[in-house]
Amino acid sequence: MIRYPGATLANVNALVDAEKPGWRADADARTAAIVAAGEFSKGPPSWSDIKVVFMRLQSNKCAFCEFPLGGEFAGKATQDVEHYRPKNAVKAWPKKSKTPKYAFGTGGEGEGYHWLAYELSNYAAACKACNTARKSNYFPIANVRGAVGATAAELDAAELPYLIFPLGDADEDPETLIAFEGLVALPARPADSHAHRRGRITIDFFGLNKREELWEDRFRAISALFEAVDVAKTNPDPARVEMARRRISDMTSTSGPQAACARSFLRLLEQDPARAWDYYVEADAFVLKEREKRAPKLP
Ligand SMILES: [Zn+2]
């Protein structure tokens, strides 16, 4: 997960106005009706109509796992507008019968945040695996649920959410909370801190270390990076070196595939190349083994 610094509310507002004039006025009217009724009711407007604004701001990657969203012409099949705070009743996470288990509270169930259903600062574009399969109506927090009608900033202060919100600059930079060792996401901050728990829970919640599509995506990213760094360091042809440098810059930019993993790996390549090589070999063996496990057993 990386921060999308350009996705501030001011920018989102301007882009929504350009994409769908009148959407925000309709959203305000809908919010007023929802607040008066004290419960969520669906639009107009439709949040799907402005999904493309978030996809563009997020370089067409899922806000939580960085998996490609399939492009703006792919239709609804591969992406959703995700409500960070659920519009409907909040379910307890983790479920009682399920792992992981934590030695600390995660907020239990609660009323939904119906007044934020049409609030643009509550939206992100997410892949189906993150949104439909995992996010659903969960919203784990460290403290007590905030008051009905409170703003996102007031809620953040009161609730201490565990899930990281990567758009704009209202929340902490995800890369200060989650780092990568090879393909593996790990909490970046000291144990027994809220920041550490945010990293741990975000990783567990979205299954960031359990999804084959993410291992494969990350492995492609670090393989390409490894090769490009090798060319940049050793190739005698200045044109090839320049091309490799441009690729490294591109791969670790906001739009780079699995940029958080790629940036962690580039730092390691610069600081400790021997350890980077070990991680690379380990990742290579892991991905090959997983592919073999899933290969069809043909007669
Ligand atoms: Zn995702």
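Please read all numbers here as calculations on a predicted model, not as lab measurements.

For the zinc ion, the full set of protein donor atoms is Cys62 (SG), Cys65 (SG), Cys127 (SG) and Cys130 (SG), at a range of 2.2 to 2.3 Å. Taken together, the four donor atoms surrounding the zinc ion define angles of 105 to 116 degrees at the centre, an arrangement classified as tetrahedral. On the primary sequence, the residues serving as donors to the zinc ion are separated as C-x2-C-x61-C-x2-C. Pair noted here: Cys62 is in the loop between helix H3 (51-57) and strand E1 (79-83) and Cys127 is in strand E2 (residues 123-127), with a separation of 65 residues, a long-range link.

In this section: the packing of helix H9 (residues 259-271) against helix H10 (residues 273-294). At a minimum axis distance of 6 Å, the contact between H9 and H10 shows a crossing angle of 135 degrees. Classified by the angle their axes make, H9 and H10 are oblique. Residues Phe265, Leu268, Leu269 and Gln271 of H9 form the contact with H10, whose own contacting residues are Pro273, Arg275, Ala276, Tyr279 and Tyr280. In the contact of H9 with H10, the residues fall into seven nonpolar, one polar and one charged.

We now examine the packing of helix H7 (residues 212-234) against H10. As a packed pair, H7 and H10 sit with axes 10 Å apart at the nearest point and diverge in direction by 140 degrees. Between H7 and H10, the angle is such that the two are oblique. Two packed elements cross with a definite hand, and for H7 against H10 that hand is left-handed. Judged by residue contacts, Glu212, Trp215, Glu216, Phe219, Ile222, Ser223, Phe226 and Glu227 of H7 engage Trp277, Tyr280, Ala283, Asp284, Phe286, Val287, Glu290, Arg291 and Arg294 from H10. The class makeup of the residues in the contact of H7 with H10 is nine nonpolar, one polar and seven charged.

Here we take up the confidence of the model for the protein chain. Any segment with low pLDDT has predicted coordinates that should not be analysed in fine detail. Scored by pLDDT, the protein chain has a mean of 94; 99% of the residues are at 70 or more. The lowest-confidence element of the protein chain is E1, averaging 90 in pLDDT; the highest-confidence one is helix H8 (residues 238-251), averaging 98.

Moving on, we get to the environment of Lys96. With respect to the secondary-structure elements, Lys96 resides in the loop between E1 and E2. Spatially, the C-alpha atom of Lys96 lies 38 Å from that of Glu72, the residues being 24 residues apart in sequence.

The next point concerns the nonpolar core. Within the largest apolar cluster, 84 residues are counted, with the highest numbers of intra-cluster contacts made by Trp23, Phe54, Tyr118, Tyr123 and Phe265. Looking at this core element by element, the count peaks at nine residues for H7. Discounting chain neighbours no more than four positions away, the residues touching Tyr123 are Trp23, Trp47, Ile50, Phe54, Val81, Glu82, His83, Ala117, Tyr118, Phe165 and Leu167.

A complete count under the given rule lists 20 salt bridges for this structure. As a salt-bridge pair, Asp204 and Arg200 come within 3.3 Å of each other at their nearest N and O atoms. Taken as a pair, Asp204 and Arg200 lie in helix H6 (residues 194-205) at a separation of four residues, close to a single helical turn. Residue Asp204 is classed as partly exposed on the basis of its relative accessible area, which comes to 26%. For Arg200, a relative accessible area of 26% gives the class partly exposed. Across the salt bridge formed by Glu213 and Arg211, the nearest N and O atoms sit 2.8 Å from each other. Classification of Glu213 as partly exposed rests on a relative accessible area of 24%. Salt bridges sharing common partners tie together Glu212, Glu216, Glu290, Arg291, Lys293 and Arg294.

Within helix H4 (residues 128-135), burial applies to Cys130, Asn131 and Lys135. Along H4, the residues classed as buried sweep out an arc of 90 degrees about the axis, all on the same side. The exposed residues of H4 that point more than 90 degrees off its buried face are Thr132 and Ala133. Considering only its buried residues, H4 is in contact with E1, E2 and H6. Two residues or fewer after H4 comes Ser136, characterised by a positive phi angle close to 45 degrees.

The next point concerns the domain arrangement of the protein chain. Domain parsing of the protein chain yields domain 1 (9-205) and domain 2 (212-294). Relative to domain 2, the C-alpha centre of domain 1 lies at a distance of 29 Å. Taken together, the contact between domain 1 and domain 2 spans 13 residues of the former and 21 residues of the latter. When the buried area of domain 1 at its contact with domain 2 is split by residue, Glu175, Phe180 and Leu183 rank highest and sum to 42% of it. At the surface where domain 1 touches domain 2, the tally comes to one salt bridge. Taking the shortest distance from any N to any O, the salt bridge between Glu175 and Arg263 comes out at 2.5 Å. Counting across the interface, domain 1 meets domain 2 through nine residue pairs in polar contact (both at pLDDT 80 or more). In terms of residue count, strand E3 (residues 178-181) provides more of the side of domain 1 that touches domain 2 than any other element does, three residues in total. Of the residues assigned to the side of domain 1 that touches domain 2, the class counts are seven nonpolar, two polar and four charged.

The rules behind these values
Residues numbered from 1 in each chain as written. Predicted model: local features only at pLDDT ≥ 70, side-chain atom pairs only at ≥ 80, totals over all residues. Heavy atoms only, no water. Donors = N, O, S within 2.8 Å, 3.2 Å for Na, K, Ca; no water. Tetrahedral: all angles 85-135°; square planar, octahedral: opposite > 155°, others 65-115°. Helix = DSSP H or I, 4+ residues; strand = E, 2+ residues; numbered from the N terminus. Axes fitted to C-alpha atoms, helices over the stretch in contact; angles between N-to-C directions. Parallel < 35°, antiparallel > 145°, perpendicular 65-115°, else oblique. Contact = heavy atoms within 4.5 Å. Nonpolar A, V, L, I, M, F, W, Y, C, P; charged D, E, K, R; others polar. Left-handed = near helix turned anticlockwise from the far one by under 90°. pLDDT = per-residue confidence, 0-100. Core = buried A, V, L, I, M, F, W, Y, C linked by side-chain atoms within 4.5 Å. Buried < 20%, exposed > 50% of the residue type's maximum accessible area, 1.4 Å probe, protein only. Salt bridge = Lys/Arg side-chain N within 4 Å of Asp/Glu carboxyl O. Arc of directions from axis to C-beta. Domains from an automatic or database assignment. Buried area = accessible area lost by both parts, 1.4 Å probe. Polar contact = N/O pair within 3.5 Å; in protein donor to acceptor, adjacent residues only side chain to side chain.

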